[in-house]
Amino acid sequence: MSAHVYTGPERVFSGVQPTGALHLGNYLGALKKFVALQETHDCIFCVVDLHAITMPQDPKTLSQNTRKITAAFLAAGLDPKKAVIFVQSAVRAHSELAWIFNCSARMGWLERMTQFKDKAGKDKERASVGLFAYPVLQAADILAYKATHVPVGEDQKQHLELSRDIAERFNRDYDAPGFFPLPEPLIKGPGARVMSLKDGTKKMSKSDPSDLSRINLEDDADTIARKIKKARTDPEPLPDNMDALKGRDGAANLVGIYAALAGISDQAVLDEYAGQGFGAFKPKLAELTVNAITPIGQDLARVNADPAQIDLVLKDGAMRASAIAEPIMEEVRRIIGFWGA
Ligand code: AQP
């Protein structure tokens, strides 16, 4: 292999923001994949509180949410003996490398990021610089550990491409070929884009003001069934192929959720339910969702009851994460020419 290509070990990194309770989209798009990856890869999973403050946060709620997300990691099946689990702000390398990458990234690259446009809304002038530079911090998160693979939902694909551009630019500008890997997204698979139950054109999101738009990991069986019953669909029966679901976003979303939970293809769902209406399909989907989600919710309550144990996991994780990032940062400082490096 050429010296210009990164030849180090494979490593997985991903993060979740402590901006509220996790939902089915976070579970299918991220957590479920994390749990599988910890069995096969060297994995680092992070609660990204530095990302959370790109939007206003209440300090007390932020630290509570940080513990809550950690609890959700554990309840979903992440094992601190197998994966490194920690909080972003506890490892300084993230902020330092983000600044360095701010000087490699180009304004034009960031101006193309659709998430900034969505989150900043019409009043871009009043958005924080942090919200604009969010994807640069994301590149730092990944590359501080020289992570090679990043499991994320479809919504993060554009940011991952930017991380590759930043890594490439750093390697070239500082004449350090192959120093940083060009991280690959791990997006494939069902559940990569779970949409709102109220609007099949918008992704399911923690910050959606309507709680009916999402299924939270903490929801009980009755709440889950009620939300699925109220999910926006249409009066047509399910067709026998996915092409016929074009333009029926709410219906396609429910089929996608069913497929992801059952571990089968969208087409296999239609093979089973073609010709049936939502009056028949929704109760089956509710049953599947309740079976997958309520055990996590119950475990979540158990883990949340012991905050001292959560803190121990995070302390140990921060030490292990720093031990990986610090030698990489020493090399970065030397490559750039910082005094004393
Ligand atoms: N709807 C979704 N479908 C599939 N995957 C999703 N993810 C988020 N929403 C969906 C994935 O979950 C991981 C953690 O996301 P995050 O909390 O860091 O931020 P986010 O993508 O901004 O999630 P939310 O719920 O939309 O939060 P808010 O409302 O705070 O912005 C990521 O891997 C993401 O792809």
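Residues numbered from 1 in each chain as written. Predicted model: local features only at pLDDT ≥ 70, side-chain atom pairs only at ≥ 80, totals over all residues. Heavy atoms only, no water.

(A) Just the overall build of the protein, in detail. Looking only at helices and strands, the protein features 13 helices and five strands. By the compact-globule yardstick of 20 Å for 341 residues, the protein fits well, its C-alpha radius of gyration being 21 Å. For the C-alpha atoms alone, the extent of the protein along its principal axes is close to 70 × 45 × 45 Å. With 341 residues in all, the protein has 50% of them scored as buried. In the protein, the share of contacts with a sequence separation of at least 24, taken over all contacts with a separation of at least 6, comes to 76%. Roughly 16,200 Å² of accessible area belongs to the protein as shown, and the carbon and sulfur atoms make up 53% of that amount. Averaging the positions of the 42 positive and the 43 negative side-chain charges in the protein gives two centres separated by 3 Å. (Helix = DSSP H or I, 4+ residues; strand = E, 2+ residues; numbered from the N terminus. Rg over C-alpha atoms; globule rule 2.2 N^0.38 Å. Buried < 20%, exposed > 50% of the residue type's maximum accessible area, 1.4 Å probe, protein only. Contact = heavy atoms within 4.5 Å. Areas by Shrake-Rupley, 256 points an atom, 1.4 Å probe, with all protein chains shown as cover. Lys, Arg positive; Asp, Glu negative; His and termini not counted. Charge placed at Lys NZ, Arg CZ, Asp CG, Glu CD.)

(B) How the structure looks around the packing of aromatic side chains. Overall, the coordinates contain 15 aromatic pairs when judged by the stated rule. Between F101 and F170, the aromatic rings sit 6.1 Å apart at their centres with planes inclined by 75°, giving edge-to-face as the arrangement. Linking F101 in helix 4 (residues 93–102) with F170 in helix 8 (residues 157–173), this pair joins segments that are 69 residues apart in sequence. Taken individually, F101 and F170 each receive the classification buried, so the pair is uniform in this respect. Seen in terms of ring centroids, F278 and F281 are 6.1 Å apart; in terms of plane orientation they differ by 80°. Their pairing is edge-to-face. (Phe/Tyr/Trp six-rings, centres within 6.5 Å; stacked < 30°, edge-to-face > 60°.)

(C) Here's a closer look at the nonpolar core. The biggest cluster of nonpolar side chains holds 57 residues, and the ones touching the most others in it are F73, L217 and F281. Broken down by element, this core gets its largest block of residues, nine residues, from helix 12 (residues 278–304). For F73, the residues in contact, after removing those within four places along its chain, are V16, L31, F34, F45, C46, V47, L78 and I85. One finds V91, A93, A144 and I166 within the second-largest nonpolar core, a separate group that totals 48 residues. (Core = buried A, V, L, I, M, F, W, Y, C linked by side-chain atoms within 4.5 Å.)

(D) Representation of the site of the ligand within the structure. Neighbouring the ligand are 23 residues; D155, V194, S205, K206 and S207 lie closest to it. K203 places a polar side-chain atom, nitrogen or oxygen, 2.9 Å from an oxygen atom of the ligand. Taking M204, its main chain carries an N or O atom lying 3.0 Å from a nitrogen atom of the ligand. Notes on the ligand: free accessible area 640 Å², of which the protein chains cover 97%. Counting residues per element, the shell around the ligand draws most heavily on helix 1 (residues 24–37), which supplies four residues. Class assignment of the residues belonging to the shell around the ligand gives a composition of six nonpolar, twelve polar and five charged. (Near = heavy atom within 4 Å. Polar contact = N/O pair within 3.5 Å; in protein donor to acceptor, adjacent residues only side chain to side chain. Nonpolar A, V, L, I, M, F, W, Y, C, P; charged D, E, K, R; others polar.)

(E) Layout of the pairing of strand 1 (residues 12–16). By the criterion of burial, strand 1 is predominantly enclosed, with four of the five residues buried. Relative to strand 2 (residues 43–47), strand 1 runs parallel, the two being bridged by five bridges. For S14, the partnering residue across the bridge sits in strand 2 and is F45. The parallel pair strand 1 and strand 2, bridged by helix 1, forms a crossover whose chirality is right-handed. (Pairing = 2+ DSSP bridges. Right-handed = clockwise from strand over helix to strand, strands pointing away.)

(F) The pattern of salt bridges, seen in detail. Evaluated as defined, the whole model comprises 18 salt bridges. A salt bridge links D42 to R11, with the nearest nitrogen and oxygen atoms 3.1 Å apart. With D42 in the loop between helix 1 and strand 2 and R11 in the segment before strand 1, this pair connects stretches of sequence that are 31 residues apart. D42 gets classed as partly exposed once you look at its relative accessible area, which sits at 36%. Taking the relative accessible area as the measure of exposure, R11 reaches 14% and is therefore buried. A salt bridge links R164 to E184; the shortest N-O distance between them is 3.6 Å. (Salt bridge = Lys/Arg side-chain N within 4 Å of Asp/Glu carboxyl O.)

(G) Region of the structure containing the environment of Q158. Residue placement: Q158 occurs in helix 8. Residue classification places Q158 among the partly exposed residues on the basis of a relative accessible area of 24%. Taking the C-alpha atoms as reference points, Q158 and R112, separated by 46 residues in sequence, lie 9.2 Å from one another. When residues no more than four places from it in sequence are discounted, the contact partners of Q158 are R112, M113, T114 and Q115.

(H) Looking closely at the packing of helix 9 (residues 221–230) against helix 12. Two elements in contact, helix 9 and helix 12, have axes separated by 9 Å at closest approach and are oriented at 145°. Considering the relative orientation of helix 9 and helix 12, their crossing is right-handed. Packed against helix 9, whose contacting residues are A221, I224, A225, I228, K229 and K230, the element helix 12 presents K282, L285, A286, T289, V290, I293 and T294 at the interface. (Axes fitted to C-alpha atoms, helices over the stretch in contact; angles between N-to-C directions. Left-handed = near helix turned anticlockwise from the far one by under 90°.)

Such coordinate-based values are descriptive only and should not be taken to indicate function.
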